[in-house]
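Report on the structure
Each chain, letter by letter, is given below.
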Amino acid sequence: MTTFRRFLRKRFFPWKLVIVALIFITFVFLIQREVVGRDLQEEPWLKDIVDKRDAVLGMMMGAVNNFRDAMPKMQIKAPVRQHDTADSKPCLNGYYTAAELKPYLERPSQDPSAPGASGKAFPTDKLSPEQQKEKEKGEAKHCFNLFASDQISLSRDLGPDTRPPECIEQKVKRCPPLPTTSIIIVFHNEAWSTLLRTVYSVLHTSPAIFLKEIILVDDASVDDYLKEPLDDYVKQLHIVKVVRQKERKGLITARLLGAAVATGDVLTFLDAHCECFHGWLEPLLARIAENYTVVVSPDITTIDLNTFEFMKPSPYGQNHNRGNFDWGLSFGWESLPDHEKKRRKDETYPIKTPTFAGGLFSISKEYFYDIGSYDEKMEIWGGENIEMSFRVWQCGGQLEIIPCSVVGHVFRTKSPHTFPKGTQVIARNEVRLAEVWMDDYKEIFYRRNQQAAQMAKEESFGDISQRLKLRQNLKCKNFSWYLKNVYPEVFLPDLTPLRFGAVKNMGKESCLDAGENNEGGKQLILYPCHGLGGNQYFEYSTHHEIRHNIQKELCLHATAEAVTLEECQFKGQNTHVTVEEKWELREEHLIVNPASNTCLTAKEEHPSLEPCNPADRFQKWTFI
C-alpha cells in the first residue's frame, strides 16, 4: 500500500494512467475483433461474453474521460469578446476636435484684393468693349456672367464665419459617430470655373474623415473641355472621379447613376454652381446620425448671377423660408408659420419643411433606397422634388432645413438647357406623382394644367404599378393626412368649384389673362384664348370669389379705377371674403360686383367696371 501511495505522488502520474488505460483498451479491442468475427447465431454461448465485454468497455471509457477531465489545465484560453449587435456602432464619448475636423484640402493663401475675394462682388461697371462682349457671350450660353466667374479664383474664400454664434460654437458629438458621405454633382455643359469652384469649395470645407468621395456625373455634355481635359485635371484631386452617361437622360437618371457608384454612408447632392460656407457639412451629417429617416437640406443662400457676390448669413439670425407647393405643382418659398418659429429655440434647431427644392440635400444611402430613390420612369427633369417631398412625409420620414448649414447657389432666371423630348416631360412627370401620391386631390391640379389632364385621361404617363406597390409596401399615409399634419397652412381650393376654366368675353372673343409675372397688384389683360390654363385659369369659388390660384392665391379685386389681381383676403380659418372680391354670375352672362353694382367689361384695353347693361356684348362672359 505504501508503494502504491508513493507511485501516486510521483510527477506525471496522470499521464502514466492514460498510457496504461490505452494499452488495456487495445487488448480489449483485439479480443472484441476475434469474438465478433464468429457467428453469434451458430455459437450462442458467445453472446454472454460479448455483453460482458461491452459493459467492461463502457466502464473503461468512462474512467478515461474522468482522468482527462481531472488533468490540470496547462494553458489559459483567450477571453471571448461579446460582439456588438448589428444596430450598435462603437463610438467614443465627447466631441470631435478641431484637428479631427480638418478639411480634406487646405485652402491656399488668399490675396484680399483679388477679384471676388472673401465672397465679394466682381465689379461689372468698368468693362472694356471686348470684356463686355465676352460677358454677353457667356450669359447667352450659361445664363450667368461667365466672364466674372472666370476671373475669380477656383479656391476663393468666403471671408469670416458670419453664422450666428450658436452655429459657430456648436460641437459635434462623437456618439453616435458621424457617417461618411459621397458628394454627387450632376452637370451638363457646365462652365469650367463654376464646376471646379464647386468641387474645390467642397474639398476646402469638408472634414476629411467624413468626405468619402466627390462624384461628378456628366449628363452627356458636348463641350470638349468637359471630356478628357476634365478627366486629366481631377486625377490630381484623388477622391474626385467622373462618371458619364453616353446619352442625355437628364438629372433624375444621372443622380441615380451617381448613387449607384457611391460608397459613402450618406448621399449629398449638389448642383454644379455652388459654394459651401464654413461648417456646412457637419450639421447635415449630425442630423442624419440622430435619425436616418430625416432628409436634410442646407440653408440655401444666393450667389449673384451677375457679380458672383456670396450673400453671407447674418450673425443675428434671419427670417428663414421653407419650401411649399402650389396647386399647379410648382415649388416655391414661404415664411415660417408662427408655430414653427415658436418651436425653434435657436438657430441650431432644424426647420420642418413641407417640400424641398431638391437641388441640394443629404440623405442616408440606405434610406434613399428604402424609400424608393427616384421614380426611374420620370424623364429629364421636373417634378422629382415635389414627388420625393410627398413620398418622404407620407411614408414616415421628414424633410428639414438645417440653418447652421449654409451653401450658396447661382439662381438663374431661365434654364440654358433644352429638353430632348420637349417641356411636356415636365407635365408627364407631374401626372405620375399626382396619380401615385395625391389621391382625389389630383383633380385640383388637372384643372390647372390641361396638358396634364389630357395625359391622365389618355393614360399616356407610363406604368406606375411599381410606384403604387411601393406606396402599399411602405404603408404610406394618404394625401389628406399630409395636408392636415404636414402642411395645414396651405389653402385648399374647392374640390368642386361652381365654375372653372378660362373666362371668355363674347364681344372681343378674348379671355381674361393674369399677364406675365403678375403676383398681385397688377391689372388683368385680355388675350386670345389658348385653352392651356396657366395665366387664363380662373375658378368661381363657393364663396363667390373669382380666383386665379396657380402659384399664389389671387382674386379679382374691384376698385373704382380698375380691376386688379390681389392676394385673396379669404384664407380659411377665421377670415372672410371682402366686398371688393365678391362677385355674382348672372343669367345674362354678366359678372357683377354687388358692392358697387357694376359689371365687368372688356371695352377698354384692360378689363374694368361700368354700369351694368345686359345688351352690351362686352359685358357678357362665359367660362369655357
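See the structure printed just above.
The following refers to the structure shown. (Residues numbered from 1 in each chain as written. Predicted model: local features only at pLDDT ≥ 70, side-chain atom pairs only at ≥ 80, totals over all residues. Heavy atoms only, no water.)

Side note on the packing of helix α14 (residues 424-437) against helix α17 (residues 465-473)
- At a minimum axis separation of 10 Å, α14 and α17 run at an interaxial angle of 35°. In terms of crossing hand, the pair formed by α14 and α17 is right-handed. Counted together, R432, E435, V436 and W437 of α14 and R467, L468 and R471 of α17 form the full contact between these two elements.
- Looking at the contact of α14 with α17 residue by residue, the class counts come to 3 nonpolar, no polar and 4 charged. (Axes fitted to C-alpha atoms, helices over the stretch in contact; angles between N-to-C directions. Helix = DSSP H or I, 4+ residues; strand = E, 2+ residues; numbered from the N terminus. Left-handed = near helix turned anticlockwise from the far one by under 90°. Contact = heavy atoms within 4.5 Å. Nonpolar A, V, L, I, M, F, W, Y, C, P; charged D, E, K, R; others polar.)

Re the pattern of salt bridges
- Evaluated as defined, the whole model comprises 33 salt bridges.
- The salt bridge partner of R174 is E100, with a shortest N-O separation of 2.8 Å. Placement of R174 in the loop between α6 (165-168) and β1 (181-187) and of E100 in the loop between α3 (45-70) and α4 (129-142) is noted, with a sequence separation of 74 residues between them.
- For R174, a relative accessible area of 17% gives the class buried.
- Given the relative accessible area of 29%, E100 is considered partly exposed.
- R471 is paired through a salt bridge with D439; the nearest N and O atoms lie 3.1 Å apart. (Salt bridge = Lys/Arg side-chain N within 4 Å of Asp/Glu carboxyl O. Buried < 20%, exposed > 50% of the residue type's maximum accessible area, 1.4 Å probe, protein only.)

Points about the sheet that holds strand β17 (residues 538-540)
- Spatial strand order, β12-β17-β18-β19-β20-β15: 6 strands in an open sheet with antiparallel pairing. Each edge of the open sheet is held by one strand with a lone partner, namely β12 (499-501) and β15 (522-523).
- Relative to strand β20 (residues 563-567), strand β19 (residues 554-558) runs antiparallel, the two being bridged by 5 bridges. Paired with H557 across the bridge in β20 is T564. (Pairing = 2+ DSSP bridges.)

Comments concerning the sheet that holds strand β21 (residues 584-585)
- As summarised here, the arrangement of the 4 strands in space is β21-β22-β23-β24, forming an open sheet in which the pairing is antiparallel. At either end of the open sheet lies a strand with only one pairing partner, and these are β21 and β24 (608-611).
- Pairing of strand β23 (residues 598-601) with β24 involves 4 bridges; the strand directions are antiparallel. Residue pairing in the sheet places C599 in a bridge with E610 of β24.

Some words on helix α13 (residues 384-394)
- In terms of burial, α13 is largely enclosed, as 11 of its 11 residues are buried.
- Taken residue by residue, α13 has E384, N385, I386, E387, M388, S389, F390, R391, V392, W393 and Q394 as its buried positions.
- Backbone geometry just downstream of α13 places G396 in the positive-phi region, at approximately 105°.

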